[in-house]
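# Inside the fold
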Amino acid sequence: MRRVSLILAAAFALLCATAAMTFAAGKPLTFGLLLVGPYNDKGYSQAQYEGGKYVEAHLPGSKMLYLDKLNPADRPGVTIPQVVDDLAAKGATLIFAGSDDMKDGIREAATQHPELTFVHISGDDVLTGKAPKNLGNLFSKMEYAKMMAGFSAAMTTKTGKIGFLGPLINDETRRLADAAFLGARHAWVDVRGKKPEDLTFKVSWIGFWFNIPGVTSDPNQLAGSFFDQGFDVVISGIDTPEALTVAAARRSAGADVHALPYDYKDACQGAPEACLGVPYFNWGPPFLTIAKAVTDGTYKPAFTWLSPDFAALNDPDKSPVGFLPGKGLSAEAKKALDAFVADLGSGKVNLYAGPLEYQDGSVFLTAGHTATDKELWFCPQLLRGMEGASASK
């Protein structure tokens, strides 16, 4: 029996060594990352870029090829299929497309390159049935971190007036603005005990994910306009930190105002005293999961919408979204926020339980009904109680 055990052990060791040699002999993963804005924008694109660097650090031999500022203003005439052709020629076998705006282009590129694997971030082609077989979708449920942003804003405001600086208008951006409003209303009414009609929550849109002079509205001006009108907290929904910069300037002039930037974990560092916190994407873990699956041949394109890890919200190796409280958040508000996060995680608080109505009075959720992912994903309007446009004019 001892001889048999030794033979089996030797065989197992040989098998493991062979498998290791096979993996080592395999071609290391080269992946492409398409960024809508600058890779160092201290916002949405930088969060994705650092997610790619996380893959390089955790998947031996992997290499990222990226192209940033991939938008019509910065790279007029450059198409997604053209960029993918170039990445494929350089050896990329996995392509991450970082923005909803890339939907049509990345679908076309995936059709042209059936030998490659594509992941569209924020898209829904798998959900709608438009995706080629080699195209998957990935996003994270930022809605919950936006609820935390709204909650923090409503725990802090002295005027009861909260502004939301929005990018362009689509299902995603309406959904996130709605989530911030729900978090704010919960704090205002259920925690602070104030009347819902005394809370003003207004959304102003700039027209794109970030400022393009001469094309979008100036986010600096819109943020300043909020403060001029008596709003004392502005929540940012755009890719870059102008709202926080303006809040910091107003504080330097003596105003008691705050802001919450978006997307990037370290965004508060630009103006810590003005910052109540930042809801951010942590792309490293989901990117790594997909990269490993592509490497070992097990990735199956799907519509993947990841929930936060409420018990490890700011763990860089776990939760795909987080909320990092800022220096401007009071100890009392921070304590209430911690309780709110725990209640969201346990299910004690569910802000997506009906009844809820859209801005025009139509029903979003009936009493006793909890929204499904599909009902949340396709979001046609802002919610009742919010000010601002639900659609582009």
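Residues numbered from 1 in each chain as written. Predicted model: local features only at pLDDT ≥ 70, side-chain atom pairs only at ≥ 80, totals over all residues. Heavy atoms only, no water.

## Overview of the state of the cysteines
Quick reminder of the rule: The criterion for a disulfide is a pair of cysteine sulfur atoms lying within 2.5 Å. Here's how the labels work: a residue is buried when its accessible area is under 20% of the maximum for its type, exposed when over 50%, partly exposed in between, all with a 1.4 Å probe on protein chains only.
This model, assessed by the stated rule, comprises one disulfide. In this model Cys268 forms its disulfide with Cys275; the gap between the sulfur atoms is 2.0 Å. Its S-S torsion of approximately -40 degrees makes the covalent link between Cys268 and Cys275 left-handed. Grouping residues by exposure puts Cys268 and Cys275 together as buried.

## Observations regarding the side chain of Thr157
For the record, the criterion: Numbering of helices and strands runs from the N terminus; a helix is a DSSP stretch of H or I covering at least four residues, while a strand is a stretch of E covering at least two. Whenever two N or O atoms come within 3.5 Å, that pair is a polar contact, provided that in protein one can donate a hydrogen and the other can accept it, and provided that, for residues adjacent in sequence, both atoms are side-chain atoms. Should any heavy atoms of two residues lie within 4.5 Å, those residues are counted as being in contact.
Within the fold, Thr157 resides in the loop between helix H6 (142-156) and strand S6 (161-166). Residue Thr157 is classed as buried on the basis of its relative accessible area of 1%. One polar contact links the side chain of Thr157 to the main-chain amide nitrogen of Thr159, over a distance of 3.3 Å. Polar side-chain contacts of Thr157 include one of 2.5 Å to the side chain of Asp232. Non-local contacts of Thr157, meaning those with residues more than four positions away in its chain, are made with Ile162, Trp188, Arg192, Asp232 and Val233.

## Looking at the pairing of strand S1 (residues 30-34)
Rules: At least two DSSP bridges between two strands are required for those strands to pair.
In terms of residue burial, S1 counts as a mostly covered element, since five of its five residues are buried. The two faces of S1 match: Thr30, Gly32 and Leu34 on one face and Phe31 and Leu33 on the other face are all buried. Relative to strand S2 (residues 63-67), S1 runs parallel, the two being bridged by five bridges. Bridge assignment links Phe31 to a residue of S2, and that residue is Met64.

## Here's the deal with the pattern of salt bridges
The line we're drawing: A pairing counts as a salt bridge when a side-chain nitrogen of Lys or Arg comes within 4 Å of a carboxyl oxygen of Asp or Glu.
Under the definition given, this model contains 15 salt bridges. Measuring nitrogen to oxygen at the nearest pair gives 3.6 Å for the salt bridge that ties Arg75 to Asp68. Given the relative accessible area of 11%, Asp68 is considered buried. Note that Lys158 is salt-bridged to Asp256, the shortest N-O span being 3.1 Å. Here Asp256 lies in the loop between helix H9 (242-252) and strand S9 (258-260) and Lys158 lies in the loop between H6 and S6, a separation of 98 residues in the sequence. Within the structure, one salt-bridge network assembled from shared partners comprises Asp104, Arg107 and Asp125.

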